[in-house]
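# Tertiary structure, described
One-letter residues, chain by chain:
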Amino acid sequence: MKTTAAVKSETTAGILFGIGAYGLWGLLPLYFLVLLPAGAVEIVANRVVWSLIFCALLITITRTWRILGGAIKDRSIMGPLTIAAGLIAVNWLTYTYGVTTGQAVEASLGYFINPLVSVLLGVFVLKETLRPLQWAAVGIGFVAVVVLTVSYGKLPWIALTLAVSFGLYGFVKKRVGPRVDAITSLTVETVVLTPLAAITMVVLGVTGAATLTSNGAGHFWLLAASGIITAVPLLFFGASARRLPMTTIGLLQYFAPLLQFIVAVAIFREAMTLDRWIGFGIVWLALLVLTVDMLAVARKNSVARRLARQEA
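A brief look at the structure comes next. The model shown is predicted, which means the values in this text are computed figures rather than measured ones. (Residues numbered from 1 in each chain as written. Predicted model: local features only at pLDDT ≥ 70, side-chain atom pairs only at ≥ 80, totals over all residues. Heavy atoms only, no water.)

Before going further, it helps to spend a moment on helix α2 (residues 28-35). Burial in α2 covers these residues: Leu28, Pro29, Tyr31, Phe32 and Leu35. Looking straight down α2, one finds that the buried residues subtend no more than 155° of arc, so they occupy a single side. (Buried < 20%, exposed > 50% of the residue type's maximum accessible area, 1.4 Å probe, protein only. Helix = DSSP H or I, 4+ residues; strand = E, 2+ residues; numbered from the N terminus. Arc of directions from axis to C-beta.)

Turning our eyes to something else, we now look at the side chain of Asn91. Position of Asn91 relative to the elements: it lies in helix α5 (residues 75-100). A polar side-chain atom of Asn91 sits 2.8 Å from a polar atom in the side chain of Tyr111. Look past the residues within four positions of Asn91 in its chain and what remains in contact with it is Tyr111, Leu162, Ser165 and Phe166. (Polar contact = N/O pair within 3.5 Å; in protein donor to acceptor, adjacent residues only side chain to side chain. Contact = heavy atoms within 4.5 Å.)

Per the stated rule, a full pass over the model turns up three salt bridges. The residue Arg131 makes a salt bridge to Asp293 at a minimum N-O spacing of 2.7 Å. Highlighted residues: Arg131 in the loop between α6 (104-124) and α7 (132-152) and Asp293 in helix α14 (residues 274-311), separated in sequence by 162 residues. The partner of Lys173 in a salt bridge is Glu189, with the nearest N and O atoms 3.1 Å apart. Within this pair, whereas Lys173 is found in helix α8 (residues 157-176), its partner Glu189 is found in helix α9 (residues 182-206), the two being separated by 16 residues in sequence. In this structure Glu189 comes out as buried when scored by relative accessible area, which is 2%. (Salt bridge = Lys/Arg side-chain N within 4 Å of Asp/Glu carboxyl O.)

On to a nonpolar patch on the surface. A contiguous nonpolar surface patch, about 310 Å² in accessible area, is contributed by Leu33, Val34, Leu36 and Leu222. Tracing the sequence through the fold places Val34 in helix α2. (Patch = residues over 30% accessible without salt bridge, like charges linked within 9 Å, V, L, I, M, F, W, Y side chains within 5 Å. Areas by Shrake-Rupley, 256 points an atom, 1.4 Å probe, with all protein chains shown as cover.)

With that settled, consider the packing of α5 against α9. To characterise two packed helices, one gives the angle between the axes of the helices and the distance between these axes. Between α5 and α9, the shortest axis-to-axis distance is 9 Å and the interhelical angle comes to 70°. Relative to α9, the element α5 lies roughly perpendicular. From α5, Met78, Leu81, Thr82, Ala84, Ala85, Ile88 and Ala89 reach across to α9, where they touch Ser185, Val188, Glu189, Val192 and Leu193. Its residues placed into classes, the contact of α5 with α9 shows nine nonpolar, two polar and one charged. (Axes fitted to C-alpha atoms, helices over the stretch in contact; angles between N-to-C directions. Parallel < 35°, antiparallel > 145°, perpendicular 65-115°, else oblique. Nonpolar A, V, L, I, M, F, W, Y, C, P; charged D, E, K, R; others polar.)

Right, let's get into the packing of aromatic side chains. A complete count under the given rule lists 19 aromatic pairs for this structure. Feature note: the residues Tyr31, Phe32, Tyr95, Tyr111, Phe166 and Tyr169 constitute an aromatic cluster, connected by ring pairs. Between Arg47 and the ring centre of Trp92, over which it is positioned, the NZ or CZ distance is 4.1 Å. (Phe/Tyr/Trp six-rings, centres within 6.5 Å; stacked < 30°, edge-to-face > 60°. Lys NZ or Arg CZ within 6 Å of the ring centre and 35° of its normal.)

Attention now moves to the environment of Val147. Relative to the elements of secondary structure, Val147 occurs in helix α7. Owing to a relative accessible area of 23%, Val147 belongs among the partly exposed residues under this scheme. Between the C-alpha atom of Val147 and that of Arg276, which follows or precedes it by 129 residues, the distance is 7.8 Å. Discounting residues that sit within four places of it in the chain, Val147 has contacts with Asp275, Ile278, Gly279 and Ile282.

A word on helix α10 (residues 216-224). Restricting attention to buried positions, one finds in α10 the residues His219, Leu223 and Ala224. End-on, the buried residues of α10 take up no more than an arc of 135°, which puts them together on one face. Summarising the geometry of α10, the exposed residues directed more than 90 degrees from the buried face are Ala217 and Trp221. Residues of α10 that are buried make contact with α2, α3 (40-62) and α11 (226-243).

Right, let's talk about the nonpolar core for a bit. Ranked by size, the top nonpolar core spans 46 residues in total, and within it Phe32, Tyr95, Val105, Leu109, Phe280 and Val283 carry the most contacts. Elements with a minimum of two residues in this core: α2, α5, α6, α7, α8, α13 (255-267) and α14. Formed by 15 residues, the second largest nonpolar core is a distinct cluster that contains Phe54, Ala71, Met78 and Leu186. (Core = buried A, V, L, I, M, F, W, Y, C linked by side-chain atoms within 4.5 Å.)

Structure (structure tokens):
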């Protein structure tokens, strides 16, 4: 049994890994900024190809090719991960497009409302029954989308696409469960996407639209670094998830969109009108309600487990 000091050390490490993961994801818009004039399609295509190369290197170092081979041969793993690959491709394209076209604020909104989408997936897919506070959070979130639709003059499709695609991605990955580690999972997903990504890079190169080799060595290596920048936060997240309860992970997840929002407003100087502030405020209220419910349930479950141990 672990000592109290060991548990505290593990928790501290988990929190630091979690902050590292969500912090890197939150600062991702700055990376896309320095990749200009590369467009969203070229950035995502490079991200896929270079991620596969980096993952292959990691698998070689850790000597886990057999595990990867087993995952690829297992239809119950390969099927869901193929679907996950398609979903994450949509997510990456949409997010990169949003950031590179001056819509990083709306992109951050997508990850703010993602927890609400996850709750709705539980209702419509898993047939779960929502608790009163969860219903309240979803209702408040719906009001926020209406307010922001009026503010933008259109449905915030970037935010909604990001929230739905990432929510479905998380749902599909959970179906695979602990049978696949983060690197194996990412490798399989990039294996699925690499043929299309490679073709895209060739087409962009032939048509003269690629910037990979035409903007100097610095630009080339920045694009090549996308493999590391994609994989490292996932490794941090995996290390965090192994050490922390899901409640803590649920609280840490707000760190990324908050950073993205700050970057969009403070550095990119994107406009935030009064009605948009109101819309975001309503979203944050919905998240507050959802967080209160999550903490209350976690506390109730903790008390129940403690009583069960005492009775055993």
